[in-house]
Amino acid sequence: MDTRRLLSLLGGIGAATVVVIIVLAVVLSGGGDDNGSGSDGDGPSIGDDLPDRESNELRLFGPDPLILDPACASDASSAEYIVEIFSGLVSFDLDLNLIPDIAETWETSDDGAVYTFHLRNNVLFHDSSRRVTADDFKFSIERALNPRMLSTVAEVYLDDIKGALTYARGQADEVEGIRVIDADTLEITLEKATPVFLFKLSYPVSYIVDEREVGDSTCFSDTRWTLNPNATGPFKLTEFALGERIELERNTNYYLEPAPSLDKVTYIITGGSSFTMYENDEVDITGVGLNDIERVRDPNEPLNAEFVTGEQLNVFYVGFNTEEPPFDDARVRRALNMALDKDLLANNILEGLATPAKGVLPPGLPGYNPALEGIPYDPQAARDLLDEAGGPDLLDDAIIIVPGSGATAGPVLDAMVALWQENLGVNIEIQQAEFGLFLRDIDEANFQMFSLGWIADYPDAQNFLEIKLHSRSANNETLYSNPEVDALLDQARTEFDEDARIELYQQAEEIIVNDAPWIPLYHGKTSALIKPYVDGYQVPAFVLPNLRYVTINK
Amino acid sequence: MQGIAGYVIRRLLLAPLILLFISVVTFSLGRWAPGDYVDIQAGPRASDELKDRIKEERGLNDPVYEQYFRYMANIFQGDLGQSVKYRGQDVEDVIFPRIWVTLQYNVIVLILTFSIGIPLGTWAALKRGTWMDPLSIGTFLFFASIPVVVSIPLLQWLFAVKLSWLPSGGWNVHEFWGIEIGIFSREAILPILILTLPGIAGIARYMRSQVLEVLDQDFIRTARAKGLHESAVVTRHVTRNAMLPVATIMGFELAALTAGSLFVERFLGIPGIGQFAFETIGSRDYDSLMAIVLLGSAIFIMTNLIVDIAYGFIDPRIRLAGGAGAETT
């Protein structure tokens, strides 16, 4: 080819590409021009760039879920979708009250070990093909527990049911404690009566799946059906483009009040900057990070009117390896605790996006003890206590491990290390470990100190104190063991009187705080911006179905 | 022509060996990284016995070479495995939509980069000695030296937040004959712009220096001496000779684009393969990672081969020499 022609051809291709793209972009997004022209440049109006925005559609920025099979999901990002799409016997409302879901009512036997659930008779699958019966629960719960499934959550949440663990280990053909009385009646027998059972039953693992579509799928294979599951929750999944977007539509057969009002919910799960997308009217709700918090708090900032914060049921803490010197000495642990100014961490470093922690239980959780004093910030007492235990030299080689791979471990960790340096004269080294490695080190007690958070699975003190700090709990990373605490927690686990239970948990918490296997640091809050036309959206304190309360008014 | 055919065949035969080598290295590196997906995904509440049983069932406790042979046996049966990042979804369902997204905007970027960069570089070279020379080279240098991690938030702020001309990110598709195409939406403009600007500058700068070098050659002086019109000298002799090395960097440009795509996709929230490739490492999504690396390597090898063959058409000397000249690349 002649070079002159080649050159002009190249230039032509370039120019043509630009022209074609621009023309098509203008033509294809042209539908939005009529409502875009009046907006005077303070952002393109909704409908400009995203296709088919319906008037009654909520657009959210969502996390990328791992797996939308309720029997398998162990992560909050998957659970957030599952609780909207699927449903089970019981659930929670926005005020954290346990409410009936598919089970309309239930009775318990005198010893509290047998639950008889009476199911609603008007619960249909999303495709309206069939109504839900007690057999669906038996199938779904047994499926989750089936050893073939390799579910990491089934044993954890269903272990109270009689025979569940025997079945999960492949030593029985069915779960002994689950009995179908008739289509509308399900009986569940427990190994031992516990008030926690119903809370655990609210977790997705016992939610209904459609026997006709799940086939041979397990938690690790052949999960294609989860891209378009037939379920029973307030919304149905209509489109799931992996890593791209999730679209839900209203379940018109939904059985609880209030029934969902939104016609459609679109989650954008590609990542990116949700705050910028919110400013650009591409999503209706966004979280607010540390970088933007100062701006939205400014009363002169228009976004300030759309700013809300809410409590979260979580706790961030430093854990000690209580079996390894010098951290086997409670005085050392207490000294490190006393040397940290938790008010400074929560209110200055985290800009008030957190509540300073005095104990383990977060505010908002039933059983939270506002009177708990905890271990107050006292640098002088901290120094004295450390000297008594052997002096700052004890902590010469101390290392705190944290998950992460950034340039720094974050402002909170940096501030903590600086406070320890300033108040105790000790140099504690931060080591970041990639998440997988971090978990393994924690699991194998291969650490001195670590920093981590814990988020409630259900709003109950047992979920914090027993799970994290009972000496026999698999999740007790610190290897903390106090027989007195164990006894209190065991007693609380079978106490049905709510006040007495809370009393027991508060006693246990107080002992734990003074023994200091943890330094409770703070309880994170959620902060969000919500567009003024979105009504009824409440930032949930933990994962629970909340979209059916939302309406759009514009 | 025979020479080229032989050369192509030799290169094609070598490709599977290279891919095999890459597969061994990638696979072992992946498995030797501490922790596996069961550790990462099981959550803090799963017991050690349970985690161990899952690893056993999933074959993670087998020796690495056994896992490798099992994986390769599946590959040869056309089974790419199942993802872990998207648990239990087929790898092809996970990666192909993403490759399609990345491919679309990168093809546009490549077309624009070369078709604007080459004429621009030639023009700049011909203006040597005027005030436009330092101006153009300065501009090229400026754009070529801005890292994408800087240009992304800058352009995002300018076009999305300040001017409200473009969406701040995301990916939007229109359907043509059942195929989802995303490059005709306003979401595509920002990523294309971000990757094209430094690309054009790089190519133009390179082209400029090549043209200048060719201009000093004897045969150009000869061409001028024999009375050829200046425009004919430039188009017929200068540009054609200068483009040869530029074709070489096509392959490198592709690699640079892949790297650029990673950042662009992460910052702008584009569901492409660059972002996903990064995520597969953290989530120990072994099968997806392998598929991406192997496919990527295959594409890279093929591109380089095509570039080498294209040499023959741009430079007649290589065709005559039976490809010997091209093997130096």
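What you see is a predicted model; the values in this text were computed from it and never measured.

A. Representation of helix H11 (residues 273-282) of chain B. Listed in full, the buried residues belonging to H11 of chain B are Ile-273, Gly-274, Gln-275, Phe-276, Glu-279 and Thr-280 of chain B. Positive phi appears at Arg-284 of chain B, one or two residues downstream of H11 of chain B, with a value of about 55°.

B. Geometry of the packing of aromatic side chains. Scanning the model with the defined rule gives 24 aromatic pairs over all chains in all. Taking the centre distance of 5.9 Å and the plane angle of 45° together, the rings of Phe-220 of chain A and Tyr-37 of chain B count as tilted. Taken as a pair, Phe-220 of chain A in the loop between helix H8 (211-214) and strand E8 (235-241) and Tyr-37 of chain B in helix H2 (residues 37-41) lie in two separate chains rather than in one. For the pair Phe-220 of chain A and Tyr-37 of chain B, one class covers both residues: buried. Geometrically, the ring pair formed by Tyr-317 of chain A and Trp-518 of chain A is stacked, given 3.6 Å between the ring centres and 5° between the ring planes. Here the residue Tyr-317 of chain A occupies a position in strand E13 (residues 314-320), and Trp-518 of chain A occupies one in strand E18 (residues 518-530), the gap between them amounting to 201 residues.

C. Representation of unusual backbone geometry within the structure. All names here are of chain A. Omega for the bond connecting Glu-257 with Pro-258 falls within 30 degrees of zero, at -5°, which places this linkage in the cis form. Checked against the element boundaries, Pro-258 lands in the loop between strand E9 (245-250) and strand E10 (264-268). Geometrically, the link from Pro-325 to Pro-326 is a cis peptide bond, its omega value of 0° lying close to zero. By the secondary structure assignment, Pro-326 is in the loop between E13 and helix H11 (330-338). The phi dihedral of Asp-222 is positive, around 55°, even though this residue is not glycine. Mapped onto the fold, Asp-222 is located in the loop between H8 and E8. Overall, Asp-222 belongs to the partly exposed group, its relative accessible area being 44%.

D. Representation of the packing of helix H5 (residues 91-126) of chain B against H11 of chain B in the model. Residue and element names in this part refer to chain B. Between H5 and H11, the shortest axis-to-axis distance is 8 Å and the interhelical angle comes to 140°. On the basis of their axis angle, the class for H5 and H11 is oblique. Of the residues in H11, those in contact with Val-94, Ile-95, Arg-98, Ile-99 and Thr-102 of H5 are Ile-273, Gly-274 and Phe-276. Here the contact of H5 with H11 is built from residues that sort into 5 nonpolar, 2 polar and 1 charged.

E. Main features of the interface of chain A and chain B. Contact residues are listed per partner, giving 73 residues for chain A and 69 residues for chain B. Contact with chain B buries area across many residues of chain A, yet Leu-66, Phe-220 and Leu-242 of chain A alone supply 12% of it, more than any other trio. Linking chain A with chain B are 4 salt bridges. One salt bridge connects Lys-51 of chain B with Asp-443 of chain A, and the closest N-O pair in it is separated by 3.4 Å. Mapped onto the side of chain A that touches chain B, the elements with two or more residues apiece are helix H1 (3-28), helix H5 (154-158), helix H9 (274-279), helix H15 (435-443) and helix H16 (462-469) of chain A. No other element matches the 15 residues that H1 of chain A contributes to the side of chain A that touches chain B. Its residues assigned to classes, the side of chain A that touches chain B shows 34 nonpolar, 23 polar and 16 charged.

F. Looking closely at the domain arrangement of chain B. Each domain of chain B was delimited in the assignment, giving domain 1 (1-84 + 308-329) and domain 2 (99-283). A C-alpha centroid distance of 29 Å is found between domain 1 of chain B and domain 2 of chain B.

Conventions adopted
Residues numbered from 1 in each chain as written. Chains lettered and ligands numbered in written order. Predicted model: local features only at pLDDT ≥ 70, side-chain atom pairs only at ≥ 80, totals over all residues. Heavy atoms only, no water. Buried < 20%, exposed > 50% of the residue type's maximum accessible area, 1.4 Å probe, protein only. Helix = DSSP H or I, 4+ residues; strand = E, 2+ residues; numbered from the N terminus. Phe/Tyr/Trp six-rings, centres within 6.5 Å; stacked < 30°, edge-to-face > 60°. Axes fitted to C-alpha atoms, helices over the stretch in contact; angles between N-to-C directions. Parallel < 35°, antiparallel > 145°, perpendicular 65-115°, else oblique. Contact = heavy atoms within 4.5 Å. Nonpolar A, V, L, I, M, F, W, Y, C, P; charged D, E, K, R; others polar. Buried area = accessible area lost by both parts, 1.4 Å probe. Salt bridge = Lys/Arg side-chain N within 4 Å of Asp/Glu carboxyl O. Domains from an automatic or database assignment.

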